[in-house]
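What follows is each chain in one-letter form.
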Amino acid sequence: LSREEALGYWFEADTQTYVAEDAGRAVGTYILRPNESGGGSHVANAAFMVAPEARGQGIGRAMGEHCLSEARRLSFRAMQFNFVVSTNESAIRLWKQLGFKIVGTLPGAFRHPEKDYIDVYIMHRSLLEDHA
Ligand SMILES: CC(C)(COP(=O)(O)OP(=O)(O)OC[C@H]1O[C@@H](n2cnc3c(N)ncnc32)[C@H](O)[C@@H]1OP(=O)(O)O)[C@@H](O)C(=O)NCCC(=O)NCCS
């Protein structure tokens, strides 16, 4: 992905983009948007990135919680992550702690630069009741 492609993806129409700052420095960012258009637009999708040197300090969790409350504020009924790489243990652990469940496995859907073809999870949580 080029810088332009990555920025295009992060600032697509219909996407809300958020930044976490620490002393004026951007340390994390996430996006929130409808997972599908039309009949699927009541389900949110989100994606997160914390700067490598700022990981493990609670920024990801804080953004995840903020994202869930933003999604509720925007009247989404559920949140779905479409492509959680199964080896991404810290992300999977965090999403489970925030109430997400693995609802499906896509066999070999990610071509890892070193590890071959590995599974990808779809993770989901309802926003209709607070069960985080
Ligand atoms: C996933 C990511 C957003 C987490 O952000 P973070 O700021 O490091 O996370 P936090 O510090 O808030 O930690 C939250 C939880 O993540 C898990 N976690 C964080 N770092 C971890 C590590 N090194 N190993 C295992 N679990 C870890 C823990 O469950 C932690 O909760 P705990 O502290 O109660 O144990 C961040 O690692 C990241 O940007 N990764 C690259 C991009 C990515 O994978 N995005 C998500 C794709 S689905």
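Check the entry above for the structure.
Cut-offs used in this document
Residues numbered from 1 in each chain as written. Predicted model: local features only at pLDDT ≥ 70, side-chain atom pairs only at ≥ 80, totals over all residues. Heavy atoms only, no water. Phe/Tyr/Trp six-rings, centres within 6.5 Å; stacked < 30°, edge-to-face > 60°. Helix = DSSP H or I, 4+ residues; strand = E, 2+ residues; numbered from the N terminus. Buried < 20%, exposed > 50% of the residue type's maximum accessible area, 1.4 Å probe, protein only. Lys NZ or Arg CZ within 6 Å of the ring centre and 35° of its normal. Expected span 1.5 Å × (residues − 1). Arc of directions from axis to C-beta. Contact = heavy atoms within 4.5 Å. Pairing = 2+ DSSP bridges. Axes fitted to C-alpha atoms, helices over the stretch in contact; angles between N-to-C directions. Polar contact = N/O pair within 3.5 Å; in protein donor to acceptor, adjacent residues only side chain to side chain.

Help me understand the packing of aromatic side chains in this model?
Aromatic ring pairs are reported here in terms of the distance separating the ring centres and the angle at which the planes meet. Scanning all chains against the criterion turns up nine aromatic pairs. A ring pair is formed by Phe48 and Phe81, whose centres lie 6.1 Å apart and whose planes are at 85 degrees; its orientation type is edge-to-face. In this pair, Phe48 sits in strand β3 (residues 43–50) while Phe81 sits in strand β4 (residues 78–85), placing the two residues 33 residues apart along the sequence. The pair Phe48 / Phe81 is uniform in exposure class, with both members buried. Here the aromatic residues Tyr18, Tyr30, Phe48, Phe81, Trp95 and Phe100 are joined through ring pairs into a cluster of three or more. Above the ring of Tyr9, the side-chain terminus of Arg33 is found at 4.7 Å from the ring centroid.

Hey, could you run me through helix α2 (residues 59–73) in this one?
Because each turn of an α-helix spans 3.6 residues, side chains separated by three or four positions end up pointing in the same direction. If you check α2, its first and last C-alpha atoms are 21 Å apart, about what 15 residues at 1.5 Å a residue would give, namely 21 Å. Burial in α2 covers these residues: Ile59, Gly60, Met63, Gly64, Cys67, Leu68, Glu70 and Ala71. The arc that holds the buried residues of α2, viewed along the axis, is 170 degrees, so those residues lie on one side. Looking at the buried residues of α2, the elements they touch are β1 (16–22), β2 (25–34), β3, β4, α3 (89–97) and β6 (116–126).

What is the right way to look at the sheet that holds β6 in this model?
Each strand in a sheet pairs with another by means of backbone hydrogen bonds, the pair being arranged parallel or else antiparallel. Overall, mixed pairing links the six strands, which are arranged β1-β2-β3-β4-β6-β5 in an open sheet. For this open sheet the edge positions go to β1 and β5 (101–112), each flanked by a neighbour on one side alone. Going from strand to strand, the sheet's axes swing by 25 degrees on average, the running direction of each strand aside. Strand contacts of helix α1 (residues 3–10): β1, β2 and β3, with the helix running at about 55 degrees to β2, the strand carrying the most contacts.

Can you walk me through the pairing of β1 in this structure?
Regular strands place side chains that alternate from one sheet face to the opposite one. With seven bridges joining them, β1 and β2 adopt antiparallel strand pairing. Bridged to Asp22 within β2 is Arg25. Following β1, the chain reverses through two residues before pairing antiparallel with β2; Ala23 in that reversal takes a positive phi of roughly 50 degrees.

Would you explain the side chain of Thr29 in this entry?
Secondary-structure assignment places Thr29 in strand β2. Of the residues examined, Thr29 reaches a relative accessible area of 14% and is grouped as buried. Only 2.9 Å separates the side chain of Thr29 from the side chain of Trp10, close enough to count as a polar contact. Every residue in contact with Thr29, bar those within four places of it in the chain, is listed here: Trp10, Thr17, Tyr18, Val19, Ala47, Phe48, Met49 and Met63.

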